[in-house]
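The residues making up each chain are set out below.
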Amino acid sequence: MTRFLYWIVELIARFHNVLLSLNDAFEYNFTDKELHFLIIGVIGMGLIFAVHPLFVWLSNRGHVLSISWIYVFTLMIVLTFAIEIGQGFTHTGTMDFDDIMFGLVGFLAFYLVFVIIRAIVRLILRLIFGKQDED
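Residues numbered from 1 in each chain as written. Predicted model: local features only at pLDDT ≥ 70, side-chain atom pairs only at ≥ 80, totals over all residues. Heavy atoms only, no water.

Engineer: Describe unusual backbone geometry, with residues and values.
Structural biologist: Glycine aside, a negative phi is what most residues show, and trans is what most peptide bonds show. Positive phi is not limited to glycine here, since His 91 has a value of about 60°. In this fold, His 91 is placed in the loop between α3 (64–90) and α4 (97–129). Assessed through its relative accessible area of 69%, His 91 is described here as exposed. (Helix = DSSP H or I, 4+ residues; strand = E, 2+ residues; numbered from the N terminus. Buried < 20%, exposed > 50% of the residue type's maximum accessible area, 1.4 Å probe, protein only.)

So, in structure tokens, the structure goes:
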């Protein structure tokens, strides 16, 4: 886990240095804060342009729960990484990539149980009342 995090940090540091070199080479004189503003803004908008059409497509087909799952799964990834990084900095536990994987698999397992129970309940409701509930 530590090697993986250092690899990510090193990759980000390299990208950061390239941006600073470009900033200096073209004499834009952006501060570090301005570069963060620009780069994170561009990355965020790129993600919006990629994710929004997917969410619209899913929503138009009645897959609102899928949108919720994607959002929560993303948050779970961030949360599990934050917990492990926090353990590494505070020495309250061992920073371990396996903990992240087991946590995410736990979420997937609980979600699978939820989906199965939901499908059974929807089937029973459809058989009894002849209609399907909305998300």
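Let us keep going from here.
Engineer: For the pattern of salt bridges, give the residues involved together with the corresponding values.
Structural biologist: Considering all chains together, one arrives at one salt bridge under this definition. Ionic pairing is found between Glu 10 and Arg 14, a salt bridge with its closest N-O pair at 2.6 Å. On the criterion of helical spacing, the pair formed by Glu 10 and Arg 14 is a turn pair, its members being four residues apart in helix α1 (residues 2–25). Looking at Arg 14, the relative accessible area reads 54%, which means it is exposed. (Salt bridge = Lys/Arg side-chain N within 4 Å of Asp/Glu carboxyl O.)

Engineer: Help me get a handle on the layout of surface pockets, residues and values and all.
Structural biologist: Unfilled space is identified by rolling a water-sized probe across the atoms. What the largest pocket holds in volume is close to 300 Å³. As for the largest pocket, its lining consists of Thr 2, Leu 5, Tyr 6, Ile 8, Val 9, Ile 12, Phe 81, Ile 85, Gly 88, Phe 89 and Met 95. No other element matches α1, which puts six residues into the lining of the largest pocket. Residue classes in the lining of the largest pocket are distributed as nine nonpolar, two polar and no charged. Contributing to the lining of the second largest pocket are Leu 11, Ile 12, Phe 15, His 16, Leu 19, Leu 20, Leu 35, His 36, Ile 39, Ile 40 and Ile 43. Elements represented by at least two residues in the lining of the second largest pocket include exactly α1 and α2 (32–60). (1 Å grid on protein atoms, 1.4 Å probe; cavity = no way out; pocket = protein on both sides within 12 Å on 5 of 7 lines; lining within 4 Å. Points joined across faces, edges and corners; volume = space filled by probe spheres on them. Nonpolar A, V, L, I, M, F, W, Y, C, P; charged D, E, K, R; others polar.)

Engineer: Can you tell me about the nonpolar core, naming the residues and giving the values?
Structural biologist: In this structure, Leu 5, Phe 73, Phe 81, Ile 100, Leu 104 and Phe 107 together form the largest nonpolar core, which totals six residues. Every element with two or more residues in this core is listed here: α3 and α4. If you tally residues by element for this core, the top one is α4, at three residues. (Core = buried A, V, L, I, M, F, W, Y, C linked by side-chain atoms within 4.5 Å.)

Engineer: Tell me what's going on with α4, and back it up with residues and numbers.
Structural biologist: Between the first and last C-alpha of α4 there are 47 Å, a value that for 33 residues agrees with the 48 Å anticipated at 1.5 Å per step. If you check which residues of α4 are buried, you get Ile 100, Leu 104, Phe 107 and Arg 122. Those residues of α4 that are buried are in contact with α3. Here α4 starts with a cap whose side-chain oxygen sits 3.3 Å from the backbone nitrogen of Asp 98, and that cap is Asp 96. Directly after α4, the chain includes Gly 130, whose backbone phi takes a positive value near 70°. (Expected span 1.5 Å × (residues − 1). Contact = heavy atoms within 4.5 Å. Polar contact = N/O pair within 3.5 Å; in protein donor to acceptor, adjacent residues only side chain to side chain.)

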